[in-house]
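A closer look at the structure
Residue-level listing of the chains:
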Amino acid sequence: MTIPPRKQSNEAAAAAPARDAQPDMALIELLFFGYRDFVGEPDRVLAHYGFGRAHHRVLHFVNRNSGLTIAALLDVLCITKQSLARVLKDLIEGGFVTQQAGPDDRRQRLLRLTPKGSALANELADRQGRRIAEALREAGPGGREMVQRFLTGLIEPAQRDHITAMIAKSAR
């Protein structure tokens, strides 16, 4: 599950707005506010455990990909080993995540959620899922497909195929 490095493709460079084009400030601000509220409720739940957004991301991706390696998680999150080590220490010591040696390569570390970790990850996903479901209901017919295309369009072109494949695999 290695994510390709971020680089702008020729296609993305050609599609980039001209230097004198004005950014769509209203959409930029809506994205900021939408993200604030999308993560706000989970942030309040996580605060009860002394956790933050990095903990949330680890819980989410390990929940969706049980047995994920630390190396793969580093690729997905695009964070340093040092940052991940601190977050994993909190989650392991708190009884939310387990770490096991790989069956073929003992140096490999496979991550899995405990029942306590699954319960927390699912609670956070349920809260965010309800917010998304309500927003899609308000968007009307065809809204989900349009939003999916829009969000996919925000991903670096060189990474889109890999990320959409990873999401599809996690959905199985």
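The structure we're discussing is the one just above.
Presented here is an overview of the structure given in this document. This structure is a prediction, so every number in the text was calculated from the model and none was measured.

Examining helix α3 (residues 53–64)
The end-to-end C-alpha distance of α3 is 16 Å, a good match for the 16 Å that 12 residues give at a rise of 1.5 Å each. Inspection of α3 places H55, H56, V58, L59 and V62 among the buried residues, and these make up the whole buried set. Relative to the axis of α3, the buried residues are bounded by an arc of 165° and lie together on one face.

Let's talk about the nonpolar core
Grouped together as the largest cluster of nonpolar side chains are 24 residues, with contacts concentrated most on V58, L59, L73, L91, V97 and L120. It is helix α4 (residues 70–77) that provides the largest number of residues to this core, a total of five residues. Ignoring sequence-local partners within four residues, the contact set of L91 consists of F51, H55, V58, L59, F96 and V97.

Observations concerning the sheet that holds strand β2 (residues 97–101)
Read across the sheet, three strands follow the order β1-β3-β2 without closing on themselves; strand pairing throughout is antiparallel. One side of each edge strand has no neighbouring strand; the edge strands of this open sheet are β1 (68–69) and β2. With five bridges joining them, β2 and strand β3 (residues 109–113) adopt antiparallel strand pairing. Across the sheet, Q100 pairs through a bridge with L110, a residue of β3.

Description of the packing of aromatic side chains
With the rule as written, the count across this model stands at three aromatic pairs. Aromatic pair Y49 and F51: ring centres 5.9 Å apart, planes at 20°, arrangement stacked. Residue classification places Y49 among the partly exposed positions, given a relative accessible area of 40%. Ring centres 5.3 Å apart and planes at 75° place the aromatic pair F51 and F96 in the edge-to-face group.

Here we look at helix α2 (residues 25–47)
Helix length check: α2, at 23 residues, gives a terminal C-alpha distance of 31 Å against a target of 33 Å (1.5 Å per residue), a fit within 8%. A maximum bend of about 35° is found in α2 at G40, where proline P42 lies one to four positions downstream. Inspection of α2 places V39, G40, P42, V45 and L46 among the buried residues, and these make up the whole buried set. Packed against the buried residues of α2 are α3 and α6 (115–139).

Observations regarding the pattern of salt bridges
By the definition in use, this model includes six salt bridges. Between E123 and R127 there is a salt bridge; the shortest N-O distance is 2.9 Å. Residue E123 and its partner R127 are both found in helix α6; the two are separated by four residues, about one turn of the helix. The partly exposed category is assigned to E123, whose relative accessible area is 28%. On the accessibility criterion, R127 (24% relative accessible area) is partly exposed. Overlapping salt bridges bring together E41, E123 and R127 as one network.

Rules of the game
- Residues numbered from 1 in each chain as written.
- Predicted model: local features only at pLDDT ≥ 70, side-chain atom pairs only at ≥ 80, totals over all residues.
- Heavy atoms only, no water.
- Helix = DSSP H or I, 4+ residues; strand = E, 2+ residues; numbered from the N terminus.
- Expected span 1.5 Å × (residues − 1).
- Buried < 20%, exposed > 50% of the residue type's maximum accessible area, 1.4 Å probe, protein only.
- Arc of directions from axis to C-beta.
- Core = buried A, V, L, I, M, F, W, Y, C linked by side-chain atoms within 4.5 Å.
- Contact = heavy atoms within 4.5 Å.
- Pairing = 2+ DSSP bridges.
- Phe/Tyr/Trp six-rings, centres within 6.5 Å; stacked < 30°, edge-to-face > 60°.
- Bend = angle between axes of the 7 residues up to and from the residue.
- Salt bridge = Lys/Arg side-chain N within 4 Å of Asp/Glu carboxyl O.

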